[in-house]
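A look at the structure
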Amino acid sequence: MNVKLESSWKAALSKEFSKRYFNELTNFVRHSYQKTKVYPPANLIFNALDSCPLTKISVVILGQDPYHGPGQAHGLSFSVPDGISHPPSLVNIFKELITDVGKVYPKNGSLNSWSSQGVLLLNATLTVAANQAGSHQNKGWEIFTDAIIDVISTQRKNVVFMLWGNYAKKKGKRINRDCHLVLESGHPSPLSANRGLWFGNRHFSQANSYLISKGKLPIDW
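Residues numbered from 1 in each chain as written. Predicted model: local features only at pLDDT ≥ 70, side-chain atom pairs only at ≥ 80, totals over all residues. Heavy atoms only, no water.

1. Comments concerning the packing of aromatic side chains
We apply this condition: Aromatic pairing here means that ring centres of Phe, Tyr or Trp (its six-membered ring) are within 6.5 Å. Orientation follows from the plane angle: under 30 degrees is stacked, over 60 is edge-to-face, and everything else is tilted.
Enumeration over the complete set of coordinates arrives at 14 aromatic pairs. Members of the aromatic cluster, connected to one another through ring pairs, are Phe-17, Tyr-21, Phe-22, Phe-46, Trp-141 and Phe-144.

2. Structural notes on the environment of Glu-142
So the rule is basically this: Segments assigned H or I by DSSP are reported as helices when at least four residues long, segments assigned E as strands when at least two residues long, and all are numbered from the N terminus. Residue burial is assigned from relative accessible area. The probe radius is 1.4 Å, only protein chains are included, and a residue is buried under 20% of its type maximum, exposed over 50%, and partly exposed in between. Whether two residues touch is decided by their heavy atoms; if any such pair falls within 4.5 Å, the residues are in contact.
Structurally, the position occupied by Glu-142 is in helix H6 (residues 141-155). In this structure Glu-142 comes out as buried when scored by relative accessible area, which is 13%. Those residues in contact with Glu-142, other than ones at most four positions away along the chain, are Ala-124, Thr-125, Gln-137, Tyr-167 and Lys-171.

3. Observations concerning the pattern of salt bridges
Note the threshold: Whenever a carboxyl oxygen of Asp or Glu lies within 4 Å of a side-chain nitrogen of Lys or Arg, that contact is scored as a salt bridge.
Under the criterion given, the structure shown has eight salt bridges. The shortest N-O distance in the salt bridge between Arg-202 and Asp-100 comes to 3.4 Å. In this pair, Arg-202 is assigned in the loop between helix H8 (190-193) and helix H9 (203-213) and Asp-100 in helix H4 (residues 88-101), connecting sequence segments 102 residues apart. The shortest N-O distance in the salt bridge between Lys-171 and Asp-146 comes to 2.8 Å.

4. Regarding H4
Heads up, the rule is: In this scheme, a helix's expected span is set at 1.5 Å multiplied by one less than its residue total.
With 14 residues, H4 extends 20 Å between its outermost C-alpha atoms, agreeing within 8% with the 20 Å of an ideal straight helix rising 1.5 Å per residue. Where H4 is buried, its residues meet helix H5 (112-115), strand S5 (160-164), H8 and H9. Looking one or two places after H4, you find Gly-102, whose phi comes out positive at around 75°.

Structure below.
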């Protein structure tokens with residue numbers, strides 16, 4: 001199957017495209033876009049990979065589903081396009097940035113600048129039906145994103161994985177922790193953050209300290 005994808009990812013994931021699950025997933029996704037409203041726009045399904053080549057990855061931030069409200073999802077976990085109101089999880093991410101690294105609260109909710117620096121903003125499921133959280137889970141996306149994690153874990157070294165919430169932590173069991181830094185905390189959603197499981201995790205400063213210790217450039221969060 002010919003999948004349009006950034007070249008380093010296309011080469012690394014080529015075996016996945018011929019597997020039965022991926023063919024079934026492709027058929028499901030194509031049918032869904034034809035019959036219902038699905039996010040993100042079809043041309044941005046692989047935006048996380050296209051925006052952050054495998055060879056450039058320094059950090060992985062793992063989300064669960066794309067946002068399922070109008071205009072929010074654009075293929076990067078936790079990010080929204082310019083001009084879109086910040087969802088509660090993103091608000092809490094920015095609040096943690098303020099206390100952790102002294103960042104001024106951003107007016108813009110797009111995290112494209114992170115991607116361009118080597119931060120892979122990956123959701124476990126890459127599509128979702130409008131207003132139906134979790135609607136495209138267990139259709140094959142999780143297998144595909146597990147393969148992405150496996151590729152990073154085995155082909156790259158000294159990557160920082162930020163695992164926020166139990167769902168991300170389960171996916172993180174695949175990571176070789178002898179070769180990478182894994183940072184875990186509660187999810188930035190209000191339900192978790194307000195119970196003391198998110199704020200104060202200092203993941204952003206920890207990530208930069210680690211990258212610098214390995215001779216890599218820190219991220220300008």
